[in-house]
Amino acid sequence: MNIECFSEKYTVRRLADEDIEKVLELCKRNPLYYKHCPPEVTRESIAEDMRNLPPKKNFQDKYYLGYFQGNDLVAVMDFIDKYPNDETVFIGFFMVNSRYQQKGIGSSMISELSRYMKQLGYRYIRLGYVKGNRQSRGFWEKNEFSETGTVLHQERYDVVVMQRVL
């Protein structure tokens with residue numbers, strides 16, 4: 001998989017420990033997300049997210065990505081290849097810098113990703129949003145994702161699973 005093909009407009013690259021401050025700044029400017037998905041973001045929680053894997057996956061399947069315009073971090077995406085099955089990719093986290101929101105940029109990124117995944121032969125993109133987060137649900141519905149009927153019960157919230165057919 002060539003992550004440079006995730007976007008024609010932005011430079012996409014794997015994020016590393018030296019990027020944690022930029023990710024933290026981006027996340028802190030989106031307090032509504034953490035209202036629904038506690039706890040508050042920290043350097044440690046970002047470092048943990050960078051290394052967190054779903055069951056039966058390894059680090060070559062995980063892409064913790066930054067979308068950049070020059071040095072400016074425009075968006076962050078946690079992307080898992082072939083999860084939960086070989087015809088599906090999973091977005092574990094996607095957040096657009098608040099300065100770039102409400103301009104169609106996030107939707108454009110998801111459209112580009114969808115086209116590329118379809119070219120590679122994938123059939124679905126799957127993700128979850130925290131139940132009650134209307135902003136998140138609305139964004140994903142606008143981007144052709146539908147609820148699957150699966151709700152995962154977490155300790156602090158419920159996650160509604162959505163999927164887009166490619």
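That block above? That's the structure.
Residues numbered from 1 in each chain as written. Predicted model: local features only at pLDDT ≥ 70, side-chain atom pairs only at ≥ 80, totals over all residues. Heavy atoms only, no water.

Caption draft 1: Summary view of the packing of aromatic side chains. Counting across every chain of the model gives 8 aromatic pairs. Ring geometry for Phe6 versus Tyr116: centroids 5.9 Å apart, planes at 55 degrees, classification tilted. Highlighted residues: Phe6 in the segment before strand S1 (11-14) and Tyr116 in helix H4 (residues 105-119), separated in sequence by 110 residues. For Phe6, a relative accessible area of 0% translates into the label buried. In this structure Tyr116 comes out as buried when scored by relative accessible area, which is 9%. Judged by centre distance (6.1 Å) and plane angle (25 degrees), the ring pair of Phe94 and Phe139 falls under stacked. With a gap of 45 residues between them, Phe94 in strand S4 (residues 88-96) and Phe139 in helix H5 (residues 134-142) connect regions that are remote in the sequence. Neither residue differs from the other here; Phe94 and Phe139 are each classed as buried. (Phe/Tyr/Trp six-rings, centres within 6.5 Å; stacked < 30°, edge-to-face > 60°. Helix = DSSP H or I, 4+ residues; strand = E, 2+ residues; numbered from the N terminus. Buried < 20%, exposed > 50% of the residue type's maximum accessible area, 1.4 Å probe, protein only.)

Caption draft 2: The arrangement of helix H3 (residues 43-51) in detail. Along H3, the positions that sit buried rather than exposed are Ile46, Ala47 and Met50. An end-on view of H3 places all buried positions within 100 degrees of arc, on one side of the element. Summarising the geometry of H3, the exposed residues directed more than 90 degrees from the buried face are Glu44 and Glu48. If you follow the buried residues of H3, they end up packed against helix H1 (20-28) and strand S2 (62-69). (Arc of directions from axis to C-beta. Contact = heavy atoms within 4.5 Å.)

Caption draft 3: Examining unusual backbone geometry more closely. Omega for the bond connecting Tyr83 with Pro84 falls within 30 degrees of zero, at 5 degrees, which places this linkage in the cis form. Non-glycine residue Lys82 carries a positive phi angle of around 55 degrees. Turning to its location among the elements, Lys82 is positioned in the loop between strand S3 (72-80) and S4. By relative accessible area, Lys82 is classed as partly exposed at 38%. A positive phi angle is found at Gln102, which is not glycine, with a value near 65 degrees. Along the chain, Gln102 falls in the loop between S4 and H4.

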